[in-house]
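Observations on chain architecture
Below, each chain spelled out in residue letters.
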Amino acid sequence: MKAVQQPWYETQRIRDDLYCITEPFYCWENRANLWLIKGRDADLLIDTGLGVSSLKLYLAKLLDKPLKVVASHVHFDHSGSCHEFEQVFIHQNEHRALCTGDPQLILSAPELGFVPERDFDAIPYQGFSASDYEVRACPHAQALAHGDVIDLGDRAFEVMHLPGHSSGSIGLYNARRQQFFSGDVVYDGQLLDDLEDSVVEDYLVTMEQLLQLKTDEVRPGHYRSFDRRRLTELVRQYIDTRKAPLCPSEK
Ligand SMILES: [Zn+2]
Ligand SMILES: [Zn+2]
């Protein structure tokens, strides 16, 4: 019998205006970083976790302004609690999937096997079973396009469409602070490009773009944060491992 754990979430205060929320009883390998940024006129939450326990209630004490919620992409470890919030945004390529709760693109369909019981060290409530897991539809989600701006009053984040991991993957970039929230586009671990909606060729184009990005603070969707030097290493590693088989003439 697994223990019920509440609160389900854990918060790390990085700075006064930046918090990282995680789900410590869910497996480390797929545990997402949910980023809360406190702006002057609005707060921004990037990603919402599995959705197995109310994130809105958990965050209530940290929120004192209107909240904008952005899903970096539609996969279940990032979009699970979107339905709880009022102002929710996702890239237009995955807008329909989030609005309808499409289990194939969300990767929550049981036959895909991405949410096994063993990935939970504890359970969020009595009677929870991973085999019943699903992400609730978020019919009120709004669609984002490349170049859109999420404005918090004292700072703004530009939406960068960075497909490859999934067709609607985005990063959020603050040019003034050179701060980049990367979702699953790049993190310091095994990058995934063989999922339902992954396209390696698109990923390679995305990675070339990231080599040009001016940032020294990358806040990823999984694992630890890193600097520009590590970003370049990770991006080059990916390009090196994937480019060769695609371009036989370059061998
Ligand atoms: Zn993902
Ligand atoms: Zn993920």
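Refer to the preceding data block for the structure.
Now for a description of the structure that goes with this document. (Residues numbered from 1 in each chain as written. Chains lettered and ligands numbered in written order. Predicted model: local features only at pLDDT ≥ 70, side-chain atom pairs only at ≥ 80, totals over all residues. Heavy atoms only, no water.)

**Considering the pattern of salt bridges**
By the definition in use, this model includes 19 salt bridges. In this structure, Glu233 engages Arg229 in a salt bridge whose closest nitrogen and oxygen atoms are separated by 2.8 Å. Pair noted here: Glu233 and Arg229 are both in helix 6 (residues 228–246), with a separation of four residues, about one helical turn. Looking at Arg229, the relative accessible area reads 57%, which means it is exposed. (Salt bridge = Lys/Arg side-chain N within 4 Å of Asp/Glu carboxyl O. Helix = DSSP H or I, 4+ residues; strand = E, 2+ residues; numbered from the N terminus. Buried < 20%, exposed > 50% of the residue type's maximum accessible area, 1.4 Å probe, protein only.)

**Regarding the coordination of the zinc ion (ligand 2)**
Bound to the zinc ion (ligand 2) are the protein donor atoms Asp77 (OD), His78 (NE2), Asp184 (OD) and His222 (NE2), situated 2.1 to 2.2 Å from the metal. Coordination at the zinc ion (ligand 2) comes from four donor atoms whose angles at the metal span 90 to 155°, giving a geometry best classed as irregular. Sequence positions of the donors to the zinc ion (ligand 2) reduce to the motif D-H-x105-D-x37-H. A distance of 3.5 Å spans the gap from the zinc ion (ligand 2) to the zinc ion (ligand 1), which Asp184 bridges by coordinating each metal. (Donors = N, O, S within 2.8 Å, 3.2 Å for Na, K, Ca; no water. Tetrahedral: all angles 85-135°; square planar, octahedral: opposite > 155°, others 65-115°.)

**Considering the pairing of strand 4 (residues 43–46)**
Burial of the side chains of strand 4 extends over both faces: Asp43 and Leu45 are buried on one face and Leu44 and Ile46 on the other. If you look at the hairpin formed by strand 3 (residues 34–38) and strand 4, you'll find four residues sitting between the two strands. Of the strand pairs in this sheet, strand 4 and strand 5 (residues 67–70) are connected by four bridges, and their pairing is parallel. Following the sheet pairing, Leu44 is matched in strand 5 by Lys68. (Pairing = 2+ DSSP bridges.)

**A short note on the pairing of strand 9 (residues 156–161)**
Both strand 8 (residues 149–151) and strand 9 contribute to a ladder of three bridges, which runs antiparallel. Paired with Asp151 across the bridge in strand 9 is Ala156. Between strand 8 and strand 9, which follow one another and run antiparallel, lie four residues, and Gly153 among them has a positive phi close to 95°.

**Description of the side chain of Glu94**
Examined against the element boundaries, Glu94 turns out to sit in the loop between strand 6 (87–91) and helix 3 (95–100). Of the side chains with opposite charge, Arg96 lies nearest to the buried Glu94, which makes no salt bridge, at 13 Å. Reaching out from Glu94, the side chain makes a polar contact with the backbone nitrogen of Ser167 at a distance of 3.4 Å. Setting aside residues up to four positions removed in sequence, Glu94 forms contacts with His73, Val74, Ser166, Ser167, Gly168, Ser169 and Asp197. (Lys, Arg positive; Asp, Glu negative; His and termini not counted. Polar contact = N/O pair within 3.5 Å; in protein donor to acceptor, adjacent residues only side chain to side chain. Contact = heavy atoms within 4.5 Å.)

**Quick look at the coordination of the zinc ion (ligand 1)**
The coordination sphere of the zinc ion (ligand 1) contains the protein donors His73 (NE2), His75 (ND1), His165 (NE2) and Asp184 (OD), at a distance range of 2.1 to 2.3 Å. Coordination at the zinc ion (ligand 1) comes from four donor atoms whose angles at the metal span 90 to 173°, giving a geometry best classed as irregular. As a motif over one chain, the donors of the zinc ion (ligand 1) read H-x1-H-x89-H-x18-D.

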